[in-house]
Each structure stands twice: as structure tokens, then as C-alpha cells.
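Examining the three-dimensional arrangement
So the chains spell out like this:
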Amino acid sequence: MDTNWTRVLSGYVNKIVSPDGRQTYESKKKLVDTLLELAELKDTDTVIDIGCGWGNFTKICSELANSVIGIEPNLENLNKAKEHTDSVNVQYVQGSFEQLNCNQKTNKIVSMLTFHQVSWKDKGKSLKNVSDILEKDGHFFLCDTMIMFNPEEKPELFDKVYRYLLKETTPDEIYTQYIEPCLNDNVTYSVADMIENTPEDNRFYFLDELYSWAKKADLKLIKTIEFCPFFGVVVLQK
Ligand SMILES: C[S@@+](CC[C@H](N)C(=O)[O-])C[C@H]1O[C@@H](n2cnc3c(N)ncnc32)[C@H](O)[C@@H]1O
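Residues numbered from 1 in each chain as written. Predicted model: local features only at pLDDT ≥ 70, side-chain atom pairs only at ≥ 80, totals over all residues.

What follows deals with the site of the ligand. The environment of the ligand is formed by 21 residues, the closest being Ser27, Gly51, Gly53, Ser96 and Met112. The greatest single-element share of the shell around the ligand, amounting to 4 residues, is contributed by strand S2 (residues 23-27). Of the residues in the shell around the ligand, the class split is 8 nonpolar, 10 polar and 3 charged. (Near = placed C-beta within 6 Å. Helix = DSSP H or I, 4+ residues; strand = E, 2+ residues; numbered from the N terminus. Nonpolar A, V, L, I, M, F, W, Y, C, P; charged D, E, K, R; others polar.)

What follows is the structure, given as C-alpha cells:
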């Protein structure tokens, strides 16, 4: 596996500034293609894309599936997605993981680079919302930053990943002013350190935590694809 994480990530995502000025990511063709391959879309499928952003995935789905619903909380992003594709089989809904505003049952739901933005207390409820509109045996394809290894078995790797994610996901001025000066080169940071020093909603979640939220929502894990130790795709089935 390629250990140059910046190179790995740049194959799948673009680092960009969103219309509201925040630093964020959008999916690149390689990521869209990976999800398409996994989802095996048919021309009878209705696909729901949660956190569709500017509609990169929604657009391609509209060409392969029967219909697509893009769900997105941010109105500016929704408008940009509409500019991107106004195909008759695409519907856009202003909604979120927490409040989908959509009761359409489907067998394929996708979400890319979004679930980490759901507040910690709403993670479980959000997966329940997904489960509620997923048909029996239907699949939820979730691509996100998540820590995909057991940190107790690999403490050195956790320390490296934690330092990397802090730098890459914090706005530059906050990182240099408030975080970098507090980091100690002689410490191997643990999960307990992360929990102690990070506001709950900015915490990186672990695959095991995702399993437990998913299990309560009646979803089971059937596949994991790891692009790097903290970024990948999981496929959950109802
Ligand atoms: C990093 S962008 C990814 C957009 C798109 N999925 C892609 O792969 O290019 C994350 C998107 O999730 C949306 N988002 C943020 N919080 C959300 C939530 N709680 N539920 C659903 N979408 C959310 C953001 O507005 C943004 O458009």
C-alpha cells in the first residue's frame, strides 16, 4: 500500500474552498468510478446521494440509473449541483443526514466525504434515517475519513495518522496558531489524547464505532475498502 497519504488522497479527492468559505473536499473521477463499480447501477435503480455537494456523483448516476435524488443541506451547493445537471430523472432535496426530507424507499444509497460532518450525537440517528429508507437487502455505500485500524494494536500508526489529520483538516491559521505549538514531538498520541483534546464533533471516528452505530440501525457491514489507514469505503446492508 502507498504510504504517501497526500499522494493517495490526491488521487481520489480535490481539496477546495466551498461557497461558504470553508476548506473541504470534492470527489475526483477515480473515487466516483470506485463507487460506481461497487454499486453496479442498473437502469431500474433509484439512487439517493446524501451530501451530494456540487453533484459530481449525482450527474453520472443520472446517466446510468433510472432516477437519482441528491440530498444536500447547503443551498448554494444545491444550486451549483442543479447547474451541473438538470436532467429530468434527477431530483434535488434540501435535507441532511439528520433530516433527509425524503421518504423514497430505495435499494442503493451513496454518501461521499460527508458523514464526518454529522455531529457526534447525531451519527446513530443519521444511520437510522438511512436504514429507514433502505429496502430490505439494499446497500448503503459510505465513503469517508474514518480510522480503519485498531489503534491499540498500532499505537505508532495512530499517532502518525492523528498528527497528519490534524494538520490536513484544520484551517491553516488555526493549526499554526493553536495546535502546532502544543504538539510534543516526544509523545506518542493515543485515542485518549485525541478524545481529551478534540471537541466531540471534530473527532475522527473509528470503523468499530461506525459498526456499532450501524448495528443499532439494523445495518450490517459487508465490505470494507481501505485507500489508506484513515480513508475508505464501507458497504452496509439492511
Ligand atoms: C466534502 S463535500 C462532498 C460533496 C460530494 N459528496 C462529493 O463527493 O463531491 C460534503 C458535503 O456534505 C454536505 N453536508 C454537510 N453536513 C451534512 C449533513 N449533516 N448531511 C448531509 N450533507 C451534509 C456539505 O454541505 C457538502 O456539500
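A word on the nonpolar core. Ranked by internal contacts, the top residues of the largest apolar core, which has 56 residues, are Leu35, Val110, Phe140, Phe141 and Leu142. When residues of this core are assigned to their parent elements, the largest contribution, 5 residues, is made by strand S7 (residues 134-145). For this core, the two domains that each supply at least three residues are domain 1 (5-146 + 206-237) and domain 2 (155-201). With residues near it in sequence (within four places) discarded, Phe141 still touches Leu35, Leu38, Ala39, Val110, Val233 and Val235. (Core = buried A, V, L, I, M, F, W, Y, C linked by C-beta atoms within 7 Å. Buried ≥ 20, exposed ≤ 12 C-beta atoms within 10 Å, placed from the backbone. Domains from an automatic or database assignment. Contact = placed C-beta atoms within 7 Å.)

Attention now goes to helix H5 (residues 123-133). Residues of H5 that are buried include every one of Lys123, Ser126, Leu127, Asn129 and Val130, and no others. Taken around the axis of H5, the buried residues stretch over an arc of 150 degrees, which confines them to a single face. In this fold, the buried residues of H5 make contact with strand S6 (106-112), S7 and helix H9 (207-216). (Arc of directions from axis to C-beta.)

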